[in-house]
Amino acid sequence: MTATVIDGKAVAAEVRARVAASVKQFAAASGGRVPGLATVLVGDDSASHVYVASKRKQTEEVGMRSVHHGLEASISQDELLALIDELNADHDVDGILVQLPLPGQIDQDAVIAAIDPAKDVDGLTAASAGLLAQGRPGLVPCTAQGVMELLRHAGVEPEGAEAVVVGRSILVGRPLASLLLNANATVTVCHSRTLDLAGVCRRADILVAAVGSPRLVTGDWVKPGAAVIDVGVNRTEDGLVGDVDFEAAREVAGAITPVPGGVGPMTIAMLLQNTVLAAQARSA
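Residues numbered from 1 in each chain as written. Predicted model: local features only at pLDDT ≥ 70, side-chain atom pairs only at ≥ 80, totals over all residues. Heavy atoms only, no water.

### Points about the pairing of strand β3 (residues 65-71)
Here comes step 1: Pairing of strand β2 (residues 36-42) with β3 involves 7 bridges; the strand directions are parallel. When the bridges of β3 are listed, Leu41 appears paired with Gly70.
Here comes step 2: Handedness of the crossover joining β2 and β3 through helix α2 (residues 46-61): right-handed. (Pairing = 2+ DSSP bridges. Helix = DSSP H or I, 4+ residues; strand = E, 2+ residues; numbered from the N terminus. Right-handed = clockwise from strand over helix to strand, strands pointing away.)

### Considerations on the pattern of salt bridges
Here comes step 1: Tallied over the full model, the rule gives 9 salt bridges.
Here comes step 2: A cluster of three or more residues bridged by salt bridges with shared partners is formed by Arg18, Glu149 and Arg152. (Salt bridge = Lys/Arg side-chain N within 4 Å of Asp/Glu carboxyl O.)

### Side note on the sheet that holds strand β4 (residues 95-98)
Here comes step 1: Taken in spatial order, the 3 strands of this open sheet run β3-β2-β4, and their pairing is parallel. A single partner strand is all that each edge strand has here, and the edge strands are β3 and β4. Direction aside, the axes of adjacent strands within the sheet are offset by 15° on average.
Here comes step 2: The pairing of β2 with β4 spans 4 bridges and is classified as parallel. Bridging across to β4, Val40 finds its partner in Val98.
Here comes step 3: Packing of helix α3 (residues 77-89) onto the sheet brings it into contact with β2, β3 and β4, and relative to β2 it is tilted by some 175°. (Axes fitted to C-alpha atoms, helices over the stretch in contact; angles between N-to-C directions. Contact = heavy atoms within 4.5 Å.)

### With respect to the sheet that holds strand β11 (residues 255-256)
Here comes step 1: On the basis of which strands lie adjacent, the open sheet formed by 6 strands has the order β1-β11-β8-β7-β5-β6 and parallel pairing. This sheet does not close on itself; its edge strands, each paired only once, are β1 (4-5) and β6 (186-190).
Here comes step 2: With 4 bridges connecting them, strand β7 (residues 206-209) and strand β8 (residues 227-230) associate as parallel partners. Looking across to β8, one finds that Ile206 is bridged to Ala227.

What follows is the structure, given as structure tokens:
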């Protein structure tokens, strides 16, 4: 058996098309105002610059307004927090995204906590996390939400399934576990202290790898017919590889995402969707 490869680029394109339609509807109902996304980039990390540029480009392509603040790496925490306050108060800004990581002199948690939860399109504030943990509507971390969209597109039904998430970050592992639980899956979250990690993974109908360890999940960790979602992006001598040994796992799995071209494109697509949802909620 060879797994169906889930095309994240195609699914992301479908999400962006839906967002563009929603933007037109929002503008028609609000006298021409379109949702606005503010991006904040501190420092000159080249990878972050490329990523933020892509976010801004796609924001404008779906018809939304992009507002960007590029700041020196030496900026103080108080100066950054003052900017967050300004964006919180700006009626035309519906979403605020502070690109992580931040320089060492800045407390990342304090910056995230300063973002108005109504504009928290990354879904990282305690308020957003609390709503998700309680199964209530709110803004959800983009990558985790993208994984759920890929599962839906592939026809994978979480209800009643055993789901294993390898990784417990606030960006992916923890919110994804909540999303799967809210979708009535039985969820196990694994991490570096998990005993018999391979054995736990072999039970999974839905297996998600999100730890940043190249090809950690081998073919013999995969239950025959399982859906395997690879969130990892690792730069190696062989190029970009995921947390899953793709070639080995695809011979066992029922469906699998590639790296690149799987989960990656979904993150920005879901960010755009979150911005529209934030704008709609603020205008209600």
